[in-house]
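The lines below spell out each chain.
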Amino acid sequence: MTKIILPGATVGIVGGGQLGQMMALAAKEMGFRVGVLDPTPDCPCGQVADWQIIAAYQDEAALSQLAEKSDVLTFEFENVHVATLDRVASGTYFPQGTHLLAISQNRLKEKSFLQSLGLPVAPFVPLENIRDLRQAVAKLGYPCVLKTTTDGYDGKGQVVFTAEVDEALAAPLLAHGACVLEAWVPFVKELSIMVAGNEAGELSFFPVVENDHRHNILHATLVPAAISTHLSNEVQALAKKIATAVKLVGTLAVEIFLTPDGELFVNELAPRPHNSGHYSIEACTISQFTAHLRGICNWPLPPVRLLSPAVMVNILGEHLAKSYGEIPRQRSWNFHLYGKALAKTGRKMGHITILTTNLTQTLKEIQATKIWDA
Ligand code: AMP
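Residues numbered from 1 in each chain as written. Predicted model: local features only at pLDDT ≥ 70, side-chain atom pairs only at ≥ 80, totals over all residues. Heavy atoms only, no water.

Another aspect to go through is the overall build of the protein. Looking only at helices and strands, one finds 12 helices and 17 strands in the protein. Over its C-alpha atoms the protein spans a radius of gyration of 20 Å, differing by no more than 12% from the 21 Å that the globule rule assigns to 374 residues. Each principal axis of the C-alpha atoms in the protein carries an extent, and together these give about 60 × 50 × 40 Å. Buried residues in the protein amount to 56% of all 374 residues. Long-range pairs, those at least 24 residues apart, make up 62% of the contacts in the protein with a sequence separation of at least 6. Counting only carbon and sulfur atoms, one obtains 53% of the accessible surface of the protein, whose full area is about 16,200 Å². Taking the 30 positively charged and 35 negatively charged side chains of the protein as two groups, their mean positions are separated by 3 Å. (Helix = DSSP H or I, 4+ residues; strand = E, 2+ residues; numbered from the N terminus. Rg over C-alpha atoms; globule rule 2.2 N^0.38 Å. Buried < 20%, exposed > 50% of the residue type's maximum accessible area, 1.4 Å probe, protein only. Contact = heavy atoms within 4.5 Å. Areas by Shrake-Rupley, 256 points an atom, 1.4 Å probe, with all protein chains shown as cover. Lys, Arg positive; Asp, Glu negative; His and termini not counted. Charge placed at Lys NZ, Arg CZ, Asp CG, Glu CD.)

Here the focus is a nonpolar patch on the surface. Together, V160, W184 and F187 line one region of the surface with nonpolar side chains, adding up to about 260 Å² of accessible area. Mapped onto the secondary structure, V160 falls in strand β7 (residues 158–161). (Patch = residues over 30% accessible without salt bridge, like charges linked within 9 Å, V, L, I, M, F, W, Y side chains within 5 Å. Salt bridge = Lys/Arg side-chain N within 4 Å of Asp/Glu carboxyl O.)

The subject of this paragraph is helix α5 (residues 107–116). Three- or four-residue spacings in an α-helix give side chains the same orientation, since the helix completes a turn every 3.6 residues. By the burial criterion, the buried members of α5 are R107, E110, K111, F113 and L114. Along the long axis of α5, the arc covered by the buried residues comes to 160 degrees, so they all point the same way. Where α5 begins, the capping side chain belongs to N106, and its oxygen is found 2.9 Å from the backbone nitrogen of L108. Backbone geometry just after α5 places G118 at a positive phi near 75 degrees. (Arc of directions from axis to C-beta. Polar contact = N/O pair within 3.5 Å; in protein donor to acceptor, adjacent residues only side chain to side chain.)

Spatially, β5-β8-β6-β7 is the arrangement adopted by the 4 strands of the open sheet, whose pairing is antiparallel. Strands with a single pairing partner mark the edges of an open sheet, and in this sheet they are β5 (124–127) and β7. Within the sheet, the average angular offset between the axes of one strand and its neighbour, ignoring direction, is 20 degrees. Bridge count between β5 and strand β8 (residues 179–183): 4 bridges; the pairing is antiparallel. Residue pairing across strands places V125 opposite L181, the latter belonging to β8. Across the face of the sheet, helix α7 (residues 167–176) comes into contact with β5, β6 (144–148), β7 and β8 while running at roughly 35 degrees to β6. (Pairing = 2+ DSSP bridges. Axes fitted to C-alpha atoms, helices over the stretch in contact; angles between N-to-C directions.)

A few words now on the sheet that holds strand β2 (residues 33–37). Spatially, 4 strands are ordered β3-β2-β1-β4 in an open sheet, and the strand pairing comes out parallel. Each of the sheet's edge strands pairs with one partner strand only, and the pair in question is β3 (51–53) and β4 (72–75). Strand-to-strand twist of the sheet, defined as the mean angle between neighbouring strand axes without regard to direction, takes the value 25 degrees. Judged from the 3 bridges that link them, β2 and β3 form a sheet pairing that is parallel. Each residue of the ladder has a partner; that of V36, found in β3, is Q52.

Let us look at the side chain of T362. Its place among the elements puts T362 in helix α12 (residues 359–368). Its relative accessible area of 5% is what places T362 among the buried residues. Separated by 2.7 Å, the side chains of T362 and T356 make a polar contact. The residues contacting T362, other than those within four sequence positions of it, are V311, I354 and T356.

Around the ligand lies a shell of 16 residues, among which K147, Q158, E182, V185 and E190 are the nearest. Within the side chain of N216, a nitrogen or oxygen atom sits 2.9 Å from an oxygen atom of the ligand. Within the contact set of the ligand, an oxygen atom lies 3.0 Å away from a side-chain nitrogen or oxygen of N267. When the ligand is considered free in solution it has 470 Å² of accessible area, and contact with the protein chains removes 95% of it. When residues of the shell around the ligand are traced back to their parent elements, those giving at least two are β6, β8, β13 (250–258) and β14 (264–270). Each of domain 2 (123–183) and domain 3 (189–368) gives at least three residues to the shell around the ligand. (Near = heavy atom within 4 Å. Domains from an automatic or database assignment.)

In many reports, interface size means the accessible area that the parts give up when they come together. The domains assigned to the protein are domain 1 (10–94), domain 2 (123–183) and domain 3 (189–368). Taking the mean C-alpha position of each, domain 2 and domain 3 sit 28 Å from one another.

Once that is clear, we can look at the packing of helix α6 (residues 130–140) against α7. One way to put it is that α6 packs onto α7 with a least axis distance of 11 Å and a crossing angle of 120 degrees. Handedness of the crossing formed by α6 with α7: right-handed. For the pair formed by α6 and α7, the contact residues are I130, L133 and R134 on the first element and E167, A170 and L174 on the second. Considering only residue class, the contact of α6 with α7 consists of 4 nonpolar, no polar and 2 charged. (Left-handed = near helix turned anticlockwise from the far one by under 90°. Nonpolar A, V, L, I, M, F, W, Y, C, P; charged D, E, K, R; others polar.)

Attention now goes to the environment of I242. Position of I242 among the secondary structure elements: in helix α8 (residues 229–245). The sequence separation of I242 and L252 amounts to 10 residues, and the corresponding C-alpha distance is 9.3 Å.

Mapping G8 onto the fold places it in the segment before β1 (10–14). What makes G8 partly exposed here is its relative accessible area of 49%. The spacing of G8 and K247 is 239 residues in sequence and 27 Å in space, taken between C-alpha atoms. G8 has contacts with G31, F32 and R33, leaving out every residue within four places of it along the chain.

See below:
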């Protein structure tokens, strides 16, 4: 008999950023109690959770305490130590497990896993030092991108080489540990899809979206992606293959490149709610956060319907003041602010979701505010 977690139970979240916050808000709506572990007092999730344990993510005693106080354990980000999580979670309900987490923490494991499923990834070469790097560049050609195998996010731990290898830029990445060189994929669109699963093996697929990155950080998500039904089905089939292979519980984001001749390459997996799924709060019959909770609590999962096309735009530290200026003017914009104390450049402070019948017109309106001008 699979276990079902009912309202009144406690959901324990490792990590207290905006993803944890929106997960907690959904959990509260469903009648759960929420606990979070995060080193920052008054972190975004801590502001809406019932309680917070203030400690480092790798603090095993603190993680054990979170596990003991929770009826179901989950996480909002990838960089949790897998062996520690396995140890502390042994006494609690942790249906996601660490299999997919371990794959997504390491780019090489991730690529090998995707290849084992017969899914296309960009050509790549694993490497450890400058000599390997030169050989890898000779093999893959320019442009190419050097990435650390672990700890990379939002473009951190990445360097693009367009015409020559800049050793000074490569050195800190190589000093971090094993790396991977990837051929540049000349994509026309970056797509992503969210899928949620439960222990009963049910899956909910969200619509395929189109993402616009600036300086390697997600800037905007457009839904639905302007692609053919055939391609959209292909993206969904690809997500299904991954979700089925790992017996997905909770939410998974799959990031994909689309090339000019219609080829798809899987770029990255994120075994959690994702920035490119935030639009679902307003635009879908169920949000990615509610789907995540239904998944880990083993509630049945519904088919997801898009209620309206939408644009989601991120508010980074440098956009915060100007975005406040739009609050009195924009009656149809859904403002989400995460309550972070410090508005640093490049830091995700909030997002805006706009439901629309005309994506092009809405993008023009967003541009006209000049909030996101470089
Ligand atoms: P990642 O951290 O791997 O998701 O990379 C961040 C962003 O860098 C991606 O969303 C792309 O815009 C770009 N990027 C990374 N790898 C490649 C690649 N092999 N080819 C083209 N663009 C890439």
